[in-house]
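Each chain, written out:
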Amino acid sequence: MDIQLSKENGILTIHFDREAKKNALTAAMYQQLADALKDAEADSAVRAILFTGKAQAFSAGNDLEDFLKNPPSSKDAPVFQFLWQISHASKPIVAAVAGVAVGIGTTLLLHCDLVYAADNAKFSMPFTQLGLCPEAASSLLLPHVAGYQRAAEKLLLGEAFGPDEALQMGIVNRVVAVEELLPLAQKQAAKLAALPAASIRVTKQLMKKNRVSATEQQMTAEIEHFAQMLTAPEAKEAFTAFFEKRKPDFSKFA
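No experiment lies behind these values; they were computed from the predicted model shown. (Residues numbered from 1 in each chain as written. Predicted model: local features only at pLDDT ≥ 70, side-chain atom pairs only at ≥ 80, totals over all residues. Heavy atoms only, no water.)

Novice: In this structure, what is going on with the nonpolar core? I would like to understand it.
Specialist: The tendency in soluble globular proteins is for nonpolar side chains to be buried side by side. Ranked by size, the top nonpolar core spans 52 residues in total, and within it Phe-51, Phe-82 and Phe-123 carry the most contacts. In terms of residue count, helix H1 (residues 27-42) provides more of this core than any other element does, seven residues in total. Ranked by size, the runner-up nonpolar core spans 17 residues in total, among them Val-94, Ala-96, Leu-181 and Leu-184. (Core = buried A, V, L, I, M, F, W, Y, C linked by side-chain atoms within 4.5 Å. Buried < 20%, exposed > 50% of the residue type's maximum accessible area, 1.4 Å probe, protein only. Helix = DSSP H or I, 4+ residues; strand = E, 2+ residues; numbered from the N terminus.)

What follows is the structure in structure tokens.
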């Protein structure tokens, strides 16, 4: 299985385990993630959730080959099911990020409560480079977290940035050595799991209360634009260039 699930001491660990593809996510993997979060929401034994990946890759984002074979054409698509679940999760979510975190590998972090990064982490949201627009309500949440100009630089240019900059932007809580990352994240998740579940749930709900409706609306708008742009000539050129391992040429498009 490309998604490994384990439950211990109140913590559901969701481990991306597709190392050969740098944990690039397929539709099947998104469905597993969505189902795991939905089950966790209903499971009183789960008191905290921990996302982890590999030392060299948290997630390389979408598996583009699978993505083109199974394009998300409706709100029921596995990727959007996953985004809805993570954005509405009432239980605390911790993420341990090492290596590359591309696209949704970065944007999903905006829905986590505690995010720890290794000193080899490399973040990027290259949506415009693929002729697409942001997803996961990142066009709303990133400006809120990092400020408009910093968010604009990352979302408009789509260029990669390191863990120290992610820390300055407020995307991550702390940067540590790779070997220290998982123990730290597990320790923090264990702290959350040991606290009163109702107190944690209500505190999280209160902090996110004013953004729930706006997040839902932004995610819906992004989905509509994303679906339209996915079939546009710019995206076709971007994906073709990716598979041909060349630089795309957008000069012929208005």
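Novice: Is there a simple way to explain the packing of aromatic side chains in this structure?
Specialist: The geometry of an aromatic ring pair is captured by the separation of the ring centres together with the interplanar angle, meaning the angle of the planes. Taken as a whole and assessed by the stated rule, the structure comprises eight aromatic pairs. Each ring, one from Phe-16 and one from Phe-51, has its centre 6.0 Å from the other, and the planes form 40°; the classification is tilted. Pair noted here: Phe-16 is in strand S2 (residues 11-16) and Phe-51 is in strand S3 (residues 48-52), with a separation of 35 residues, a long-range link. For the pair Phe-16 and Phe-51, a shared accessibility class is recorded, and that class is buried. Seen from their ring centres, Phe-51 and Phe-82 are 6.4 Å apart, and the 75° between their planes marks the pair as edge-to-face. Here Phe-82 lies in helix H3 (residues 78-88) and Phe-51 lies in strand S3, a separation of 31 residues in the sequence. Members of the aromatic cluster, connected to one another through ring pairs, are Phe-16, Tyr-30, Phe-51, Phe-58 and Phe-82. (Phe/Tyr/Trp six-rings, centres within 6.5 Å; stacked < 30°, edge-to-face > 60°.)

Novice: What should I look at first to understand the pattern of salt bridges in this one?
Specialist: Oppositely charged side chains are able to pair whenever their charged atoms sit close together. One pass over the full model with this rule turns up ten salt bridges. Across the salt bridge formed by Glu-153 and Lys-154, the nearest N and O atoms sit 3.4 Å from each other. When its relative accessible area of 39% is taken as the criterion, Glu-153 is described as partly exposed. With relative accessibility at 7%, the residue Lys-154 sits in the buried group. (Salt bridge = Lys/Arg side-chain N within 4 Å of Asp/Glu carboxyl O.)

Novice: Just to check I follow, could you spell out the sheet that holds strand S7 (residues 114-118) for this structure?
Specialist: Strand pairing in a sheet is mediated by backbone hydrogen bonds. Such pairs are either parallel or antiparallel. Across the sheet, which stays open at both edges, the six strands sit in the order S1-S2-S3-S5-S7-S9 with mixed pairing between neighbours. Here the strands that pair on one side only, and so sit at the sheet edges, are strand S1 (3-8) and strand S9 (174-176). On average, each strand axis in the sheet is inclined to that of its neighbour by 20°, with strand direction left out of account. The pairing of S2 with S3 spans five bridges and is classified as parallel. For Ile-11, the partnering residue across the bridge sits in S3 and is Ala-48. (Pairing = 2+ DSSP bridges. Axes fitted to C-alpha atoms, helices over the stretch in contact; angles between N-to-C directions.)

Novice: Looking at this model, I keep getting lost on the sheet that holds strand S8 (residues 122-124). Mind explaining?
Specialist: In spatial order, the strands read S4-S6-S8; together these three strands make up an open sheet with parallel pairing. What marks the edges here is a single partner per strand, and that holds for strand S4 (57-59) and S8. Put simply, the sheet's adjacent strands are angled 10° from each other on average, direction ignored. Inspection of the sheet shows strand S6 (residues 100-102) paired to S8 by three bridges, in the parallel sense. Bridge pairing in S8 links Val-100 to Lys-122.

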